[in-house]
Amino acid sequence: MIIGWAIIIAAAGLLIHRALFGIATPDESFYLTIPYRFLKGDAFFINEWHVAQLSGALQCLPVLFFVKVFGSGEGIILFFRLLYVFCHTVVSCFVFKKISRYGFLPALLSALMFELYAPESLVFPNYYTMSLVPLTVIVLMLFFAEKPSAVRDIFCGFLFACAVLAEPLLSLLYFAYFAAVIIALIAKKKTNAFLLPKRFLQITAGVLAAAVPFFVLLLSRASLQKTLAAIGNIFRSGEYSSQTMFLYGSLVAALYHYGSVVFVASLVCIAAILVDRNRSRRKLLWLSLSVAIAVFLTVMFTVPAFKGDMLPLLHIPYAAAFLGICAYVLTDNKDKKLLAVWLTGFLYLILIGLNSEALEYIGSYGFVLSNVVFLPIILNLIKEIAPAASESKEESSEKAGRRKRLAAGVSLALVCVVAVISLAASAFILSVGDPGAYVMGRGELTEVVVLDRGGLKGIRVREDQKAVYGAVLDDIALIEASSSGKYTVMSDDSWYLYSSDRAPLTFTLWYLNWMNDTYMQYYDYVGENPSYIYIINRSFFIGPAGTEMDVSDAFDYFTTHFNCSVTQGKAGYILKVES
């Protein structure tokens with residue numbers, strides 16, 4: 001056990017290495033804007049219109065801690081990257097402990113696959129990790145519990161409420177649980193202990209333990225009536241799409257594009273196993289076929305990376321998840337705990353897709369939880385196919401037994417190959433990252449410098465990135481020295497906020513639909529106009545019908561609506577709004 005934990009902690013070194021490098025991307029810099037702005041006086045839903053803003057409530061306490069201890073937001077990005085590494089490593093050790101009942105190697109590989117998979121190489125707390133991490137702890141604590149415990153139920157309820165803040169649609173699981181308890185109560189039959197009203201109330205107590213402080217936090221900035229009225233703003237921001245239900249098409253398209261006919265074959269294989277009434281007699285055949293498909297899928301997802309295309313690697317968890325469900329269906333003595341964990345990951349993948357505009361880039365993230373148990377599921381099937389020794393003394397039976405054991409052994413070896421390649425793919429993403437956004441590219445480090453100020457202080461970046469970063473901070477300092485009013489910064493990045501002591505007048509810029517005049521609607525809603533508008537030259541804007549909008553478009557937009565005087569800054573234009 002100690003050796004396994006030591007390996008997991010050592011593997012965290014790769015996460016730490018990744019955390020030390022790279023300018024914050026728009027995604028990463030956004031996640032801290034919500035708690036940081038809240039502590040400066042902004043309110044949920046009123047001052048921010050992004051659909052995922054509630055996840056910021058989970059970060060308010062650590063942000064407050066950081067600001068109180070260090071006196072400002074300087075270096076806060078690196079702090080939260082390292083916080084991610086710490087939390088992910090602790091939970092990975094927990095995964096190892098819970099799965100170790102199925103063997104050392106399955107537990108270790110499962111823990112490492114969970115630890116090292118980071119969508120888009122993002123080693124930073126975000127609403128996906130802040131929901132999946134507590135959800136993983138919950139299912140392993142509840143499904144693998146030896147006996148009921150009120151303390152454990154309350155703790156799991158607390159974690160579940162936290163997960164719901166990061167991914168609100170997870171609340172559907174709570175209502176489904178409530179309905180199951182009611183049905184079991186009405187049926188008056190002996191049922192699973194988990195469906196007893198007492199267990200439900202204990203878990204609910206934990207939910208309330210997290211919900212009450214959140215609502216106190218929420219209502220500390222605005223009344224309940226005003227907050228509820230403001231929720232509709234998320235539909236005005238362009239961040240929420242009515243087409244979200246169809247985003248699964250983008251995921252399926254991506255899997256098909258990179259897996260080609262092999263992905264289709266995996267779906268056909270699952271369907272064929274399910275309809276085969278004699279599948280128990282053909283376990284080895286079906287296992288061999290599913291393993292072959294999984295190996296080919298793994299190769300299809302991996303090969304494009306050698307040409308610089310990292311996106312297929314984000315879908316690498318699908319191969320192992322496919323293997324897991326095939327093996328479970330084929331197993332006679334089914335371990336329902338393993339299925340419960342696998343299905344929870346699958347349900348999580350569905351729910352995040354209903355609340356995401358980037359399902360293709362999230363990849364198969366929900367299957368990271370499903371893959372925690374795919375090796376134990378495979379091992380259970382292997383034990384049924386090839387017992388340790390044949391009881392028959394007939395030569396033909398002995399030969400048949402040896403052939404079965406050999407075939408099962410080869411299958412198990414290939415399963416381990418899938419797991420190892422999945423681990424290697426995750427490590428490769430962490431090592432290389434996105435050459436366009438990060439310091440690291442194509443497997444080698446370019447010449448780097450360490451940032452010495454601002455929210456990204458302590459992070460290693462390219463020299464040209466440092467120059468742009470410094471120029472932006474100089475312009476922000478110039479604005480702050482000129483006026484006490486609030487200002488809007490037009491940029492797809494948000495890291496400038498952590499370098500300022502002043503509350504901004506802005507909301508998240510992703511997918512901004514300029515044709516809806518959203519910014520002017522925002523100013524009218526909050527009843528305040530900015531004193532300054534800073535337009536950064538390197539900004540990236542999403543315009544009507546998905547077209548890119550350059551600096552001149554943003555410049556024309558604001559000079560049309562406001563009477564402005566213009567000053568050329570080091571990295572952009574400073575527009576002073578005349579009263």
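Since the structure is predicted, the reported quantities are computational estimates derived from the model, not experimental observations. (Residues numbered from 1 in each chain as written. Predicted model: local features only at pLDDT ≥ 70, side-chain atom pairs only at ≥ 80, totals over all residues. Heavy atoms only, no water.)

Q: Help me out: how do you make sense of the pattern of salt bridges in this one?
A: What the rule picks out here adds up to 13 salt bridges. Two residues, Glu-74 and Lys-457, come together in a salt bridge whose shortest N-O distance is 3.8 Å. Here Glu-74 is found in the loop between α4 (60–70) and α5 (76–99), whereas its partner Lys-457 is found in the loop between β3 (448–450) and β4 (460–462), with 383 residues between them in sequence. Residue Glu-74 is classed as partly exposed on the basis of its relative accessible area, which comes to 34%. In this structure, Arg-282 engages Asp-276 in a salt bridge whose closest nitrogen and oxygen atoms are separated by 2.8 Å. Overall, the relative accessible area of 10% leaves Asp-276 in the buried class. One network of salt bridges, in which partners are shared, links Arg-37, Asp-42 and Glu-48. (Salt bridge = Lys/Arg side-chain N within 4 Å of Asp/Glu carboxyl O. Helix = DSSP H or I, 4+ residues; strand = E, 2+ residues; numbered from the N terminus. Buried < 20%, exposed > 50% of the residue type's maximum accessible area, 1.4 Å probe, protein only.)

Q: Explain unusual backbone geometry here, please?
A: Phi is mostly negative for residues that are not glycine, and the peptide bonds are mostly trans. With a phi close to 70°, Phe-45 is a non-glycine residue in the positive phi region. Tracing the chain through its elements places Phe-45 in the loop between α3 (33–39) and α4.

Q: Teacher, can you tell me more about the environment of Ala-327 here?
A: Secondary-structure assignment places Ala-327 in helix α14 (residues 317–330). Distance in space between the C-alpha atoms of Ala-327 and Lys-283 is 8.7 Å, their sequence separation being 44 residues. Sequence-distant contacts of Ala-327, that is, excluding residues within four places in its chain, are made with Ile-377, Ile-378 and Leu-381. (Contact = heavy atoms within 4.5 Å.)

Q: What is the right way to look at the sheet that holds strand β5 (residues 487–490) in this model?
A: Consider a sheet: its strands pair through backbone hydrogen bonds, and that pairing is either parallel or antiparallel. Reading across from one edge, β5-β6-β10-β9 is the order of the 4 strands in this open sheet, with mixed pairing throughout. Edge strands, defined here as strands with exactly one partner in the open sheet, are β5 and β9 (564–568). When the angles between neighbouring strand axes are averaged without regard to direction, this sheet yields 20°. Both β9 and strand β10 (residues 572–577) contribute to a ladder of 5 bridges, which runs antiparallel. Each residue of the ladder has a partner; that of Thr-567, found in β10, is Ile-574. (Pairing = 2+ DSSP bridges. Axes fitted to C-alpha atoms, helices over the stretch in contact; angles between N-to-C directions.)

Q: Which parts of the structure should I look at to understand the pairing of β10?
A: Side chains on a regular strand alternate between the two faces of the sheet. Note: strand β6 (residues 532–536) against β10, 5 bridges, orientation antiparallel. Across the sheet, residue Tyr-534 finds its bridge partner in β10, namely Ile-574. Where β9 folds back onto β10 in an antiparallel hairpin, the turn is made up of 3 residues.

Q: It is not clear to me how the side chain of Thr-136 should be interpreted in this structure. Could you clarify?
A: With respect to the helices, strands and loops of the structure, Thr-136 is situated in helix α7 (residues 129–143). Residues within four places of Thr-136 in sequence aside, it is in contact with Val-95, Phe-114 and Leu-369.

Q: How should I be thinking about the packing of aromatic side chains in this particular structure?
A: The way to describe two aromatic rings as a pair is by their centre distance and the angle between their planes. Overall, the coordinates contain 34 aromatic pairs when judged by the stated rule. Judged by centre distance (5.7 Å) and plane angle (90°), the rings of Phe-96 and Phe-104 are edge-to-face. The exposure class assigned to Phe-96 is buried, which follows from its relative accessible area of 1%. An aromatic cluster is present here, built from Trp-49, Tyr-519, Tyr-522, Tyr-523, Tyr-525, Tyr-557, Phe-558 and Phe-562 joined pairwise through their rings. (Phe/Tyr/Trp six-rings, centres within 6.5 Å; stacked < 30°, edge-to-face > 60°.)

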